[in-house]
Amino acid sequence: EEDGTYKGIKVNTLTLASNPHLTKYPTALAKSNSTVEYVILRACAVDEIPEGAFTYENSIFLQSLDLSYNNLTDLPHEFHAGNMPYFYGLDISFNNFSEFPYEPLDCSYLATYGIRHQRDEEGNRTLRTWPTGLYTCPSMAVFCIGGNDLRKIEDTISTLIYYLDISDNPNIIFDATDICYAWQVGAYILIYD
């Protein structure tokens, strides 16, 4: 209930997946100061995250979000470590991003980030930008950006991000020099085609 009557919840995982009538991120969680560690909104019709969704006292407990298979085009500016200091994982694959959302990258615990298969309403690939400086993220270990339209990547590729999926980017130009040795000794997983 978004009318202010919702009393809140305290759970580890809240799953609201496969609700086609859910078009906005539920701000009732913020308004009720709910404590949730993992929110799953996979395969809904979410196209908006209203202001205030991540600015409440108990937002510090939020660690992971699955917002895949929705209609999002951006993340709010409040999606940062100041509001979610222990944020660990984000999946925004199969949405409509045309620009890379940098907001979560300042979260010092962010280890997993998925942003695969970004398309517009006609099915055209929309994401063409590589997140420059990704290698500076202190705890990033898994980064999945396959199924997009990345072009030439002119950035350091960190061996600390030991699982990298860049597959299905038909126009990509990628220099793997920085990670070759780690890949050869089996300490790095690179998914490409």
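Because the structure is predicted, anything quoted here is derived from the model rather than measured. (Residues numbered from 1 in each chain as written. Predicted model: local features only at pLDDT ≥ 70, side-chain atom pairs only at ≥ 80, totals over all residues. Heavy atoms only, no water.)

Participant: Help me understand a nonpolar patch on the surface, please; the structure alone is not making it clear to me.
Facilitator: Where nonpolar side chains cluster on the molecular surface, the patch consists of Ile 60, Phe 61, Tyr 86 and Tyr 109 and spans about 390 Å² of accessible area. With respect to the helices and strands, the residue Tyr 109 is situated in the loop between β4 (89-91) and β5 (112-114). On the basis of relative accessible area, Tyr 109 is assigned to the partly exposed category, the value being 45%. (Patch = residues over 30% accessible without salt bridge, like charges linked within 9 Å, V, L, I, M, F, W, Y side chains within 5 Å. Areas by Shrake-Rupley, 256 points an atom, 1.4 Å probe, with all protein chains shown as cover. Salt bridge = Lys/Arg side-chain N within 4 Å of Asp/Glu carboxyl O. Helix = DSSP H or I, 4+ residues; strand = E, 2+ residues; numbered from the N terminus. Buried < 20%, exposed > 50% of the residue type's maximum accessible area, 1.4 Å probe, protein only.)

Participant: I'm lost on the pattern of salt bridges in this one. Help?
Facilitator: Pairing of side chains with opposite charge becomes possible as their charged atoms draw close. Following the criterion strictly, the structure yields six salt bridges and no others. Residue Arg 42 pairs with Asp 66 through a salt bridge whose shortest N-O separation is 3.6 Å. Here Asp 66 lies in strand β3 (residues 64-66) and Arg 42 lies in the loop between β2 (35-40) and β3, a separation of 24 residues in the sequence. Among the residues examined, Arg 42 registers a relative accessible area of 33% and is labelled partly exposed.

Participant: Mind showing me how you'd approach the environment of Tyr 6 here?
Facilitator: Along the chain, the position of Tyr 6 falls in the segment before β1 (10-15). Residue Tyr 6 is classed as partly exposed on the basis of its relative accessible area, which comes to 27%.

Participant: Which parts of the structure should I look at to understand the nonpolar core?
Facilitator: Soluble globular proteins tend to pack their nonpolar side chains together in the buried interior. One finds Tyr 25, Leu 65, Tyr 113, Trp 130 and Phe 143 to be the most contacted residues of the largest nonpolar core, which totals 46 residues. Every residue in contact with Tyr 25, bar those within four places of it in the chain, is listed here: Val 39, Leu 41, Val 46, Glu 48, Ile 49, Pro 50, Ala 53, Phe 54, Leu 62, Leu 65 and Leu 67. (Core = buried A, V, L, I, M, F, W, Y, C linked by side-chain atoms within 4.5 Å. Contact = heavy atoms within 4.5 Å.)

Participant: What's the story with the side chain of Ser 64 in this structure? I'm lost.
Facilitator: Relative to the elements of secondary structure, Ser 64 occurs in strand β3. Residue classification places Ser 64 among the buried residues on the basis of a relative accessible area of 16%. Dropping the residues within four chain positions of it, Ser 64 is found in contact with Glu 37, Tyr 38, Val 39, Phe 87, Tyr 88 and Gly 89.

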